[in-house]
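Reading the structure
So you can see what is in the structure, the chains are spelled out below.
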Amino acid sequence: SGGHTGRWAMSQKSTSAYTASMYQNISLPNGTYTLSAWVKSSGGQKTANIYAKNFGGTEMDHSVKQAISGWTNVSIPGITVTNGTIQVGVSSDANAGNWVSVDDFSLVQTR
């Protein structure tokens, strides 16, 4: 609970070590996009990323494994979609007690 806007946010957390991924597959026109999201994180994860993949190019990530105590906007610019689809999401490989929360994903065409 307690999203960047509204009452809810997407969260990954556990009392034991875990791996997790939450994502959405989107159909969209080919072009260049910027993926943005608002993030908070406990830090300490082995990996924790906002990502874009399956768009016709190499997966692009933005690490959020550092401690981020307040809602912070992160972005991945220059995502060139060539196959009319993209998968956007958040993934974690984390230790017990680590968490990441994400809200207000945005995917904006820039070209």
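Model, not experiment: these values are computed from the prediction.

A closer look at the sheet that holds strand S1 (residues 10-13)
A sheet is described by the order of its strands in space; here four strands give the open sequence S1-S8-S3-S6, paired in antiparallel fashion. Edge positions in the sheet fall to S1 and strand S6 (68-81), since each of these pairs with one other strand and no more. Sheet twist, expressed as the average angle between the axes of neighbouring strands with direction ignored, equals 25°.

With respect to the nonpolar core
Counting 20 residues, the largest nonpolar core has Val39, Ile50, Val64, Ile79 and Ile86 as its most contacted members. Those elements that provide at least two residues to this core are strand S3 (31-41), strand S4 (47-53), S6, strand S7 (85-94) and strand S8 (99-109). If one sorts the elements of this core by residue count, S6 sits on top with five residues. Those residues in contact with Val39 that lie beyond four places of it in its chain are Ile50, Val64, Ile68, Gly70, Trp71, Thr72, Val74, Val100, Ser101 and Val102.

Things to note about the sheet that holds strand S2 (residues 18-27)
As summarised here, the arrangement of the four strands in space is S2-S7-S4-S5, forming an open sheet in which the pairing is antiparallel. Strands at the two margins of the open sheet, each flanked by one partner only, are S2 and strand S5 (60-63). Geometrically, the sheet is characterised by an average inter-axis angle of 15° between neighbouring strands, direction not taken into account. Strand direction decides the pairing type here: S2 and S7, joined by 10 bridges, are antiparallel. Directly across from Met22, in S7, lies its bridge partner Val90.

Each value, and the rule that gives it
- Residue positions within a chain follow its written sequence, with the count starting from 1.
- Since the coordinates come from a predicted model, pLDDT governs what is reported: local features require at least 70, and pairs of side-chain atoms require 80 or more to be given and counted, while whole-chain, interface and lining totals use all residues.
- Only hydrogens and water are set aside when side-chain values are computed; all heavy atoms of the structure are taken into account.
- Should DSSP find at least two bridges between two strands, the strands are regarded as paired.
- Numbering of helices and strands starts at the N terminus; helices are DSSP runs of H or I of at least 4 residues and strands are runs of E of at least 2.
- To define axes, lines are fitted to C-alpha atoms, for helices over the stretch in contact only, and angles between the resulting N-to-C directions are given on a 0 to 180 degree scale.
- For the purposes of this section, nonpolar cores are sets of buried Ala, Val, Leu, Ile, Met, Phe, Trp, Tyr and Cys residues that join through side-chain atoms within 4.5 Å.
- Here the term buried applies to any residue with accessible area under 20% of the maximum for its type, exposed to any over 50%, and partly exposed to those in between, with areas from a 1.4 Å probe on protein chains only.
- Contact criterion: two residues are considered in contact whenever any of their non-hydrogen atoms come within 4.5 Å of each other.

Purely geometric stuff here, so don't read any function into it on its own.
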